[in-house]
Amino acid sequence: MRGTQIARQWKILRLIESRKRGLTARELSHELETDLRTIYRDLEALQDAGFPLYTDREGKGSCWCLVEGFKSNLPLPLTMTELASLHMSRDIMRVFEGTAFQESIEGLFDKIRVSLPPEVIRYLDNISANLKVGFGPRKDYQAFKGIISEVSQATAERRRVEIQYKAASTGKVTSRKVDPYQMWAMTGAFYLIGLCHLRDSIRTFAIDRIKSLTLLKEKFSYPPDFSLEDYLQTAFRVMTGDPKTVKVHFAPGAARVVRERIWHPTQEIREDSDGSLTITLEVPINYEIISWILGFGSAAEVLQPRELRQRILEEHQAAAQNYRIRQPELRESFFREKSLDV
């Protein structure tokens, strides 16, 4: 398969690059557990693609090497495999689409590409085609490009900002002065984390809910004891709060998914003999933890705290009510569908 061939040739480049004296075709064959004839075909294909490979006589055999001065022709001191990795990472950067970050990244790629032969670019494109990174739902930040740029400037220059912010819960717009500590990207969204003078505490602001931003002349001091990791320790995903001990039991089918991931730094998992498990987390009780539990449907049962168990029960009851259809309506719908089939 084409993907397998590209992956093998990629490994050949990495192996040759990692050995000072290079590698013989037989050594490559042994390392990759591939027959010698295939290795020679791959080496020839790499040369045809423009990679500066050559053979150097050593004893009775010949070692395959990369031209030593090749790296100096690049705009950055990158190896070929580092260059290819950078090229492939563009998909990962799509989360920044519509921002100055994404424009700068694309500009960097463009500068690198103009220094490469067309054959190498085509080969890098082939490699990239075999690795695609997908994202879940994400927001379009094209309209917030200016605000993101100003927040970046404010965090770099340690300048206070004044924002008009629309709260998600109430929809009310309030004016706030904020010391912008850090900008944070999470689950396809941008956030500003900083000291809110209105609430006199560190808060998380969604960039897309900032209606306007003014960069003030006032400077602020970055607190030496502030740690983003410590601050986010009290969040399940984005929303912070007072953590509580949450215990959820998962049926065997869901347990396989749960045990494969790190959902929160505080998690502890207790395995049961029937394949089910119980996970314990220290997280705030809010919409994020509730929606996570509800996403597992009947396979998840909250054991504690009692108020969270009750909230999940109420959500399931409300969902069940939405799907209840009165019998007359069901019969009418059934006969309407049948009449269309005649």
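Our structure is the block above this text.
Residues numbered from 1 in each chain as written. Predicted model: local features only at pLDDT ≥ 70, side-chain atom pairs only at ≥ 80, totals over all residues. Heavy atoms only, no water.

K.L.:
Describe in detail the sheet that holds strand β4 (residues 159-166), supporting the description with residues and values.
P.N.:
Sheet architecture is open: 5 strands sit in the order β7-β6-β5-β4-β8, paired in antiparallel fashion. The open sheet has two edge strands, β7 (201-206) and β8 (210-219), and neither has a second partner. For this sheet the average axis-to-axis angle between neighbouring strands, irrespective of direction, equals 45 degrees. Inspection of the sheet shows strand β5 (residues 173-186) paired to strand β6 (residues 189-196) by 8 bridges, in the antiparallel sense. Bridge pairing in β6 places Met-183 opposite Leu-192. Across the sheet, helix α7 (residues 145-157) touches β4, β5, β6 and β8, and the angle it forms with β8 is around 25 degrees. (Pairing = 2+ DSSP bridges. Helix = DSSP H or I, 4+ residues; strand = E, 2+ residues; numbered from the N terminus. Axes fitted to C-alpha atoms, helices over the stretch in contact; angles between N-to-C directions. Contact = heavy atoms within 4.5 Å.)

K.L.:
Now, about the pattern of salt bridges: what can you tell me, with residues and values included?
P.N.:
Across all of its chains, the model carries 10 salt bridges by this definition. Note that Glu-307 is salt-bridged to Lys-244, the shortest N-O span being 2.9 Å. A residue pair is termed long-range when its members are at least 10 positions apart, and Glu-307 in helix α11 (residues 306-323) and Lys-244 in strand β9 (residues 244-250) qualify at 63 residues. Taking relative accessible area as the criterion, Glu-307 reaches 42% and is therefore assigned partly exposed. A relative accessible area of 39% places Lys-244 in the partly exposed class. Several salt bridges converge on common partners, so that one network encompasses Arg-160, Lys-177, Asp-179 and Glu-218. (Salt bridge = Lys/Arg side-chain N within 4 Å of Asp/Glu carboxyl O. Buried < 20%, exposed > 50% of the residue type's maximum accessible area, 1.4 Å probe, protein only.)

K.L.:
Summarise the packing of aromatic side chains; cite the residues concerned and give the values.
P.N.:
Inspection of the entire model under this criterion finds 13 aromatic pairs. Ring centres of Phe-250 and Phe-296 lie 4.9 Å apart, and the angle between their planes is 70 degrees; on these two criteria the pair is classed as edge-to-face. Note that Phe-250 is positioned in strand β9 and Phe-296 in the loop between α10 (287-294) and β12 (300-304), a separation of 46 residues in sequence. The same class applies to Phe-250 as to Phe-296, namely buried. For the ring pair Trp-263 and Trp-292, a centre distance of 5.2 Å and an interplane angle of 55 degrees mean the geometry is tilted. Of this pair, Trp-263 sits in the loop between α9 (252-258) and β10 (268-271) while Trp-292 sits in helix α10; the two residues are 29 residues apart in sequence, bridging distant segments of the chain. Across this residue pair, the class does not change: Trp-263 and Trp-292 are buried. (Phe/Tyr/Trp six-rings, centres within 6.5 Å; stacked < 30°, edge-to-face > 60°.)

K.L.:
Which residues make up the sheet that holds β9, and what values do they have?
P.N.:
Where strands meet in a sheet, backbone hydrogen bonds hold them as pairs that are either parallel or antiparallel. The strand order across the open sheet formed by 4 strands is β10-β11-β9-β12, and the pairing between neighbours is antiparallel. Where the open sheet ends on each side, the last strands, each with one partner, are β10 and β12. The average undirected angle you get between the axes of adjacent strands in this sheet is 25 degrees. Sheet topology places β9 next to strand β11 (residues 277-283); 7 bridges connect them, and they run antiparallel. In the sheet register, His-249 faces β11, and the bridge partner there is Thr-278.

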